[in-house]
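Structural overview for review
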Amino acid sequence: KFFKNRGVESIVDFGAGALRHTFPLLRAGFQVCAVEFEDQFKRTKCSEALRRAEKNGNFCKLIWPKDFKSDGRRFDAALLCYVIQTMPLKEERELVLKVLTKKLRKDSYLLWMGRHGQTADIPNEQVVRDGYFMWPDREAHSFYTEFTTEVTHDWVGRHGFKRLRSLSERGTDQVFLYGKGSSIWA
């Protein structure tokens, strides 16, 4: 309802994975562009979700980085749901936010979802750069880093976004809505 009431029509679901956020947005009538690494889209669960989503005329997909960077479209809003924290290279995280900022229209929104305070019990031998190598005993491994609320607000703010509201700061969840553009801030 928030996006509908503010005239949002097109949304980027960055790091879309198996499209769990894309499908509800499509059902609500938004144009949704799912952006993901090519290898991720090839995973069984993701490729099955893509086949279903591609039946919807409001859906498109772009591969990060090549397709997304070269695509000329602009969007009204973007979702960054638990994705930046899984990128092991600081430079790539910065690039994502930089490119995404350029892809968003003058007056636009960014929904950030993350977690903080979950890594206290991870052994030191799993430390990699500024994060952690997660689940070393599983077949699928992952990198994860955490950002405090202050670091997140500062970083996103340096890209021209202002925090509009915090939807959750309790426990380990971080859900923040940011806006870009003076008419949104008014």
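Now for a look at the structure at hand. Since we're looking at a predicted model, the values are computed, not measured.

Describing the pattern of salt bridges
In this structure the tally under the stated criterion is 3 salt bridges. Here Asp 76 ties to Arg 105 by a salt bridge, and the two come within 2.7 Å at their closest N and O atoms. One end of the pair, Asp 76, is in strand E4 (residues 75–81); the other, Arg 105, is in strand E5 (residues 104–115), and 29 residues separate them in sequence. The class of Asp 76 is buried, set by a relative accessible area of 11%. Here Asp 154 makes a salt bridge to Arg 158, at a shortest N to O gap of 3.3 Å.

Notes on the environment of His 159
Along the chain, His 159 falls in the loop between helix H7 (149–157) and strand E9 (162–168). The contacts of His 159, once residues within four sequence positions are left out, are Glu 94, Leu 97, Lys 98 and Thr 101.

With respect to the pairing of E5
As defined by bridge partners, E4 adjoins E5 across 6 bridges and the pair is classed as parallel. What sits directly across from Ala 77, in E5, is Tyr 109. Pairing of E5 with strand E10 (residues 173–180), which is carried by 8 bridges, proceeds in the antiparallel orientation. Bridge pairing in E10 links Leu 110 to Tyr 178.

Notes on the pairing of strand E1 (residues 10–14)
Among the 5 residues that make up E1, 5 are buried, leaving the element largely enclosed by the rest of the structure. Of the two faces of E1, the one lined by Ser 10, Val 12 and Phe 14 and the one lined by Ile 11 and Asp 13 are each fully buried. The parallel pair E1 and strand E2 (residues 31–37), bridged by helix H2 (residues 22–27), forms a crossover whose chirality is right-handed. Relative to E4, E1 runs parallel, the two being bridged by 4 bridges.

A few points about the sheet that holds E2
In spatial order, the strands read E3-E2-E1-E4-E5-E10-E9; together these 7 strands make up an open sheet with mixed pairing. The outermost strands of the open sheet, each flanked by one partner alone, are strand E3 (59–64) and E9. Each neighbouring strand pair of the sheet contributes to a mean axis angle of 20°, computed without reference to strand direction. Contacts from helix H6 (residues 90–103) reach E1, E2, E3, E4, E5 and E10 within the one sheet, and its direction differs from that of E5 by about 145°.

About the cut-offs
Residues numbered from 1 in each chain as written. Predicted model: local features only at pLDDT ≥ 70, side-chain atom pairs only at ≥ 80, totals over all residues. Heavy atoms only, no water. Salt bridge = Lys/Arg side-chain N within 4 Å of Asp/Glu carboxyl O. Helix = DSSP H or I, 4+ residues; strand = E, 2+ residues; numbered from the N terminus. Buried < 20%, exposed > 50% of the residue type's maximum accessible area, 1.4 Å probe, protein only. Contact = heavy atoms within 4.5 Å. Pairing = 2+ DSSP bridges. Right-handed = clockwise from strand over helix to strand, strands pointing away. Axes fitted to C-alpha atoms, helices over the stretch in contact; angles between N-to-C directions.

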